[in-house]
Amino acid sequence: DTGVSQDPRHKITKRGQNVTFRCDPISEHNRLYWYRQTLGQGPEFLTYFQNEAQLEKSRLLSDRFSAERPKGSFSTLEIQRTEQGDSAMYLCASSQTSGRPHSYEQYFGPGTRLTVT
Amino acid sequence: AQSVTQLDSQVPVFEEAPVELRCNYSSSVSVYLFWYVQYPNQGLQLLLKYLSGSTLVKSINGFEAEFNKSQTSFHLRKPSVHISDTAEYFCAVRTGNQFYFGTGTSLTVIP
């Protein structure tokens with residue numbers, strides 16, 4: 001098991017462009033979370049999936065943001081018409097739920113750093 | 001909604017000295033508590049967690065944290081820090097299906 005991976009690690013884009021990030025969770029994990037982290041702040045919850053179902057979305061997630069997990073494995077996060085305020089580290093985490101509390105432990109990927117110029 | 005407060009944004013400490021990183025949360029209703037560490041240019045790694053049982057939990061590298069329900073706190077301690085402990089530390093609380101993170105404490109160990 002290679003852990004949670006994210007691609008790309010860095011993305012520089014011009015304002016107004018669309019970007020898409022990918023997250024590959026740990027293979028047996030059925031839950032996948034997206035977070036955004038800005039400088040000097042902790043991760044802020046954006047959305048999460050259980051298998052392919054998107055179960056919760058934060059109010060931080062504007063209409064320009066969309067996330068998918070089509071087959072319950074990898075996930076993509078797309079930002080349309082990027083703004084400078086979207087510049088941040090986007091983190092993905094996965095976990096396994098099996099009815100036992102310790103299974104809710106999250107494993108994080110290295111993140112994708114987005115810079116909007 | 002849950003909120004997590006880490007009052008100290010930066011903590012400098014000399015090598016081999018003790019350290020305490022403070023964490024308080026807003027709601028004590030059915031919470032699970034975590035400390036994550038983030039080394040420079042790396043992702044967040046779980047350091048330790050409280051789910052139930054003994055209120056004192058320990059990590060393999062000498063850190064410990066104590067769940068205090070009455071004070072809604074989960075402070076992180078280490079009796080003697082090493083240079084390699086220099087990192088950003090995040091306290092997190094799981095309530096329901098969401099995780100809430102504090103703003104982080106930057107621990108710098110001075111040789």
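Structure: above.
Keep in mind the model is a prediction, meaning the values are calculated, not measured. Residue positions are given per chain, counting from 1 as you read along its sequence in written order. Each chain is given a letter, starting from A, and each ligand a number, starting from 1, according to the order in which they appear as written. Reporting of local features is limited, given that this is a predicted model, to residues whose pLDDT is at least 70; pairs of side-chain atoms are given and counted only at 80 or more, and all residues count toward the totals for whole chains, interfaces and linings. Excluding hydrogens and water, the side-chain values take into account all heavy atoms of the structure.

Novice: Please explain the interface of chain A and chain B as it appears in this structure.
Specialist: Where interface size is given, it is often the accessible area lost as the parts come together that is meant. Residue contacts are counted whenever heavy atoms from the two residues lie within 4.5 Å of one another. Each side of the interface is counted separately: chain A has 21 residues, and chain B has 17 residues. Defined here as a combined quantity, buried area equals the accessible surface (1.4 Å probe) lost by two parts on assembly, summed across both. Summing both partners gives a buried area of about 1,600 Å² for chain A against chain B, and 55% of it is carried by carbon and sulfur. One speaks of a salt bridge when a side-chain nitrogen belonging to Lys or Arg is within 4 Å of a carboxyl oxygen belonging to Asp or Glu. Summed over the shared surface of chain A and chain B, the result is one salt bridge. Here Lys49 of chain B ties to Glu105 of chain A by a salt bridge, and the two come within 2.4 Å at their closest N and O atoms. Here a polar contact is taken to be a pair of N or O atoms separated by no more than 3.5 Å, where protein atoms must pair a possible hydrogen donor with a possible acceptor and residues adjacent in sequence count only if both atoms sit in side chains. Where chain A touches chain B, the interface holds four residue pairs in polar contact (both at pLDDT 80 or more). Counting residues per element, the side of chain A that touches chain B draws most heavily on strand β4 (residues 31–37) of chain A, at four residues. Under the DSSP-based scheme used, a helix requires at least four consecutive residues in state H or I and a strand at least two consecutive residues in state E, with every element numbered from the N terminus.

Novice: What's the story with the pattern of salt bridges in this structure? I'm lost.
Specialist: Any two side chains of opposite charge can pair, so long as their charged atoms come close to each other. All names here are of chain A. For the coordinates displayed, the defined rule picks out seven salt bridges over all chains. Where Arg22 meets Asp24, a salt bridge forms, and the shortest distance between an N and an O atom there is 2.7 Å. Remark: exposure states derive from per-residue accessible area (1.4 Å probe, protein chains only) relative to the maximum for the residue type, with buried under 20%, exposed over 50%, and partly exposed in between. Here Asp24 falls in the partly exposed class, since its relative accessible area comes to 24%. Taking the shortest distance from any N to any O, the salt bridge between Glu83 and Arg64 comes out at 3.4 Å. Of the two residues, Glu83 is situated in the loop between β8 (75–79) and β9 (88–95) and Arg64 in the loop between β6 (53–57) and β7 (65–68); the sequence distance between them amounts to 19 residues. With a relative accessible area of 39%, Glu83 lands in the partly exposed category.

Novice: Would you mind going over the sheet that holds β7 of chain A with me for this structure?
Specialist: Backbone hydrogen bonds are what pair the strands of a sheet, in a parallel or an antiparallel way. Residue and element names in this part refer to chain A. The strand order across the open sheet built from four strands is β1-β3-β8-β7, with neighbouring strands paired in antiparallel fashion. Strands with a single pairing partner mark the edges of an open sheet, and in this sheet they are β1 (5–7) and β7. Averaged over neighbouring strand pairs, the angle between their axes works out to 15° when direction is ignored. Of the strand pairs in this sheet, β1 and strand β3 (residues 19–24) are connected by three bridges, and their pairing is antiparallel. Across the sheet, Ser5 pairs through a bridge with Asp24, a residue of β3. Any two strands between which DSSP finds at least two bridges are classified as paired. Throughout, an axis means a line fitted to C-alpha atoms (over the contacting stretch in the case of helices), and angles, computed between N-to-C directions, take values from 0 to 180 degrees.

Novice: Please explain the nonpolar core as it appears in this structure.
Specialist: Generally speaking, nonpolar side chains in soluble globular proteins are found buried as a group. Within the largest apolar cluster, 27 residues are counted, with the highest numbers of intra-cluster contacts made by Leu33, Trp35, Leu48, Phe74, Leu76 and Tyr89 of chain B. Put simply, the parts of the chain that give this core at least two residues each are β2 (10–14), β3 (19–21), β5 (31–38), β6 (44–50), β8 (64–68), β9 (73–78), β10 (87–95) and β12 (105–110) of chain B. Sequence-distant contacts of Leu33 of chain B, defined by excluding residues within four places in its chain, comprise Tyr25, Leu48, Lys49, Tyr50, Phe67, Phe74, Ala92 and Val93 of chain B. Ranked by size, the runner-up nonpolar core spans 19 residues in total, among them Cys23, Leu32, Phe65 and Ile79 of chain A. For our purposes a nonpolar core is just a set of buried Ala, Val, Leu, Ile, Met, Phe, Trp, Tyr and Cys residues, chained together by side-chain atoms within 4.5 Å.

Novice: Just checking my understanding: could you explain the packing of aromatic side chains for this structure?
Specialist: In this description, an aromatic ring pair is defined by two values, namely the gap between the centres and the angle between the planes. Note on ring pairs: Phe, Tyr and Trp rings are taken, using the six-membered ring of Trp, and paired if centres are within 6.5 Å. Classes follow the plane angle, with under 30 degrees stacked, over 60 edge-to-face and the rest tilted. For the structure on display, the rule yields 16 aromatic pairs over all chains. Summarising the aromatic geometry, the rings of Phe45 of chain A and Tyr48 of chain A are spaced 6.4 Å apart at their centres and angled 55° between planes, so their arrangement reads as tilted. Using a relative accessible area of 7% as the deciding quantity, one classes Phe45 of chain A as buried. Linked through ring pairs, Tyr33, Tyr35, Phe45, Tyr48 and Phe108 of chain A together with Phe34, Tyr36, Phe99 and Phe101 of chain B together constitute an aromatic cluster.

Novice: In this structure, what is going on with unusual backbone geometry? I would like to understand it.
Specialist: With an omega of -5°, the peptide bond running from Asp7 of chain A to Pro8 of chain A counts as cis. Mapped onto the fold, Pro8 of chain A is located in the loop between β1 and β2 (10–13). The phi angle at Asn51 of chain A is positive, at roughly 55°, despite the residue not being glycine. With respect to the helices and strands, Asn51 of chain A occurs in the loop between β5 (44–50) and β6. Its identity is not glycine, yet Glu16 of chain B carries a phi of approximately 75°, on the positive side. Structurally, Glu16 of chain B is set in the loop between β2 and β3. You can call Glu16 of chain B exposed: its relative accessible area is 60%.

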